[in-house]
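Remarks on the overall topology
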Amino acid sequence: MPLETWLAFVAASLILTMTPGPSILLGMVHALRFGTRRTLFTALGDISANMIQMLLVAIGLGVIVANSALAFQVIKWAGVAVLIYMAVKMWRSAPSLPVPGAPEPSAHPARLYASGFAVAFGNPKALVFFTAFFPQFIDPSAPFAPQLSIMCPTMAALDFSFVMIYAVGAKQLLGFLRQHPKLLNHAGGGTLMAAAGLLSAAK
């Protein structure tokens, strides 16, 4: 892939990955509840799902989903169900925030990874987006696999970076949230519910 094509791809990907979405919001909530270090597992789950989606696009499944109302609806409503479940669970759970000098609240890395994976993979718009976005930067006269091997890790790295950047920024709100312990649960649950509503309207 020519350098100028890759730079154009990076510029376009930056705009897309820096826009807050369900995965970034989940990362912020996990950073506030469990600490920034544990949020690494949430971000890893997110980019794992994205890598799988990009590979599905590579084998043509993205085209099927983009043109099949049934396939799109199945994935979409599965994602909506996951977001609603997580929103209700967060809304009803007891406040849990890090205390200065105390160990971070326990959360198994596998659970954080699974949450990040489920939220990212349950969004069919990403699958359709990759199908429409990637061909704009692919040279059809050149081998496809080497180009994809550059584009997929590039986007995954940017996605991971912004999830963590937002997570670190959210950490600065801890002082305020300790005075309003239920605000995090209500705001996080409400945000995930809003994300479910937006996803349910996707066509």
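Please read all numbers here as calculations on a predicted model, not as lab measurements.

Quick notes on the overall build of the protein chain
The helix and strand tally for the protein chain stands at 10 helices and 0 strands. Each helix and strand of the protein chain, ordered N terminal to C terminal, gives the series α-α-α-α-α-α-α-α-α-α. Looking at the protein chain as a whole, 42% of its 203 residues qualify as buried. Partitioning the intrachain contacts of the protein chain with sequence separation of at least 6 by distance along the chain shows that 88% fall at a separation of at least 24. When the accessible surface of the protein chain is summed, it comes to about 10,200 Å², and 73% of that surface belongs to carbon and sulfur atoms.

Some details on the nonpolar core
Ranked by size, the top nonpolar core spans 15 residues in total, and within it Phe 9, Met 54, Phe 130, Phe 134, Met 151 and Met 155 carry the most contacts. Listed by contribution, the elements that provide at least two residues to this core are α1 (3–17), α3 (36–58), α7 (124–133) and α8 (144–171). In terms of residue count, the dominant contributor to this core is α8 (4 residues). In terms of nonpolar packing, the next biggest core, distinct from the first, is built from 10 residues, Leu 83, Met 86, Ala 87 and Val 119 among them.

What to know about the packing of aromatic side chains
A ring pair, where both rings are aromatic, is described by two values, the distance of the centres and the angle of the planes. According to the stated counting rule, one finds 2 aromatic pairs in the structure shown. Centroid distance Tyr 113 to Phe 117: 6.4 Å. Interplanar angle 20°. Geometry classified as stacked. Pair noted here: Tyr 113 and Phe 117 are both in helix α6 (residues 109–121), with a separation of 4 residues, about one helical turn. Owing to a relative accessible area of 33%, Tyr 113 belongs among the partly exposed residues under this scheme. Centre to centre, the rings of Phe 117 and Phe 121 are 5.5 Å apart; their planes meet at 15°, and the pair counts as stacked. Of this pair, Phe 117 and Phe 121 both sit in helix α6, 4 residues apart, which is roughly one turn of the helix.

Description of the packing of helix α2 (residues 22–34) against α3
At their nearest, the axes of α2 and α3 sit 8 Å apart, and the two run at 155° to each other. Accordingly, the angle class assigned to the pair α2 and α3 is roughly antiparallel. Both α2 and α3 take part in a crossing whose hand is right-handed. Mapping the contact onto sequence places Ser 23, Leu 26, Gly 27, His 30, Ala 31 and Phe 34 in α2 and Thr 36, Arg 38, Thr 39, Thr 42 and Asp 46 in α3. Its residues assigned to classes, the contact of α2 with α3 shows 3 nonpolar, 6 polar and 2 charged.

Some details on a nonpolar patch on the surface
On the surface, Leu 40, Phe 41, Leu 44 and Tyr 113 cluster together into a nonpolar patch covering about 300 Å² of accessible area. Per-element accounting of the nonpolar patch gives the leading share, 3 residues, to α3. Summarising the element assignment, Leu 44 is placed in helix α3.

Things to note about α2
The first and last C-alpha atoms of α2 sit 18 Å apart over 13 residues, in line with the 18 Å expected at 1.5 Å per residue. Three or more residues of α2 are buried, namely Ser 23, Ile 24, Leu 26, Gly 27, Val 29, His 30, Ala 31, Leu 32, Arg 33 and Phe 34. Within two residues after α2, Gly 35 carries a phi angle of roughly 100°, on the positive side.

Section: the layout of surface pockets
Empty pockets left among the atoms are what a rolling probe the size of a water molecule brings to light. By volume, the second largest pocket is sized at about 420 Å³. Secondary-structure elements contributing two or more residues to the lining of the second largest pocket are α2, α5 (69–92) and α6. Here the lining of the second largest pocket is built from residues that sort into 10 nonpolar, 4 polar and 3 charged.

So, the packing of α2 against α6
Two packed helices can be described by the angle between their axes and the distance between those axes. Look at α2 against α6: their axes get within 9 Å of each other, and the N-to-C directions meet at 160°. As judged from the angle between their axes, α2 and α6 are roughly antiparallel. Crossing of α2 over α6 shows right-handed handedness. Within the contact between the two elements, α2 uses Pro 22, Ser 23, Leu 26, His 30 and Phe 34 and α6 uses Leu 112, Ser 115, Gly 116, Val 119 and Ala 120. Residue composition of the contact of α2 with α6, grouped by class: 6 nonpolar, 4 polar and no charged.

What counts and what doesn't
Residues numbered from 1 in each chain as written. Predicted model: local features only at pLDDT ≥ 70, side-chain atom pairs only at ≥ 80, totals over all residues. Heavy atoms only, no water. Helix = DSSP H or I, 4+ residues; strand = E, 2+ residues; numbered from the N terminus. Buried < 20%, exposed > 50% of the residue type's maximum accessible area, 1.4 Å probe, protein only. Contact = heavy atoms within 4.5 Å. Areas by Shrake-Rupley, 256 points an atom, 1.4 Å probe, with all protein chains shown as cover. Core = buried A, V, L, I, M, F, W, Y, C linked by side-chain atoms within 4.5 Å. Phe/Tyr/Trp six-rings, centres within 6.5 Å; stacked < 30°, edge-to-face > 60°. Axes fitted to C-alpha atoms, helices over the stretch in contact; angles between N-to-C directions. Parallel < 35°, antiparallel > 145°, perpendicular 65-115°, else oblique. Left-handed = near helix turned anticlockwise from the far one by under 90°. Nonpolar A, V, L, I, M, F, W, Y, C, P; charged D, E, K, R; others polar. Patch = residues over 30% accessible without salt bridge, like charges linked within 9 Å, V, L, I, M, F, W, Y side chains within 5 Å. Salt bridge = Lys/Arg side-chain N within 4 Å of Asp/Glu carboxyl O. Expected span 1.5 Å × (residues − 1). 1 Å grid on protein atoms, 1.4 Å probe; cavity = no way out; pocket = protein on both sides within 12 Å on 5 of 7 lines; lining within 4 Å. Points joined across faces, edges and corners; volume = space filled by probe spheres on them.

Worth remembering: the numbers are spatial, not functional.
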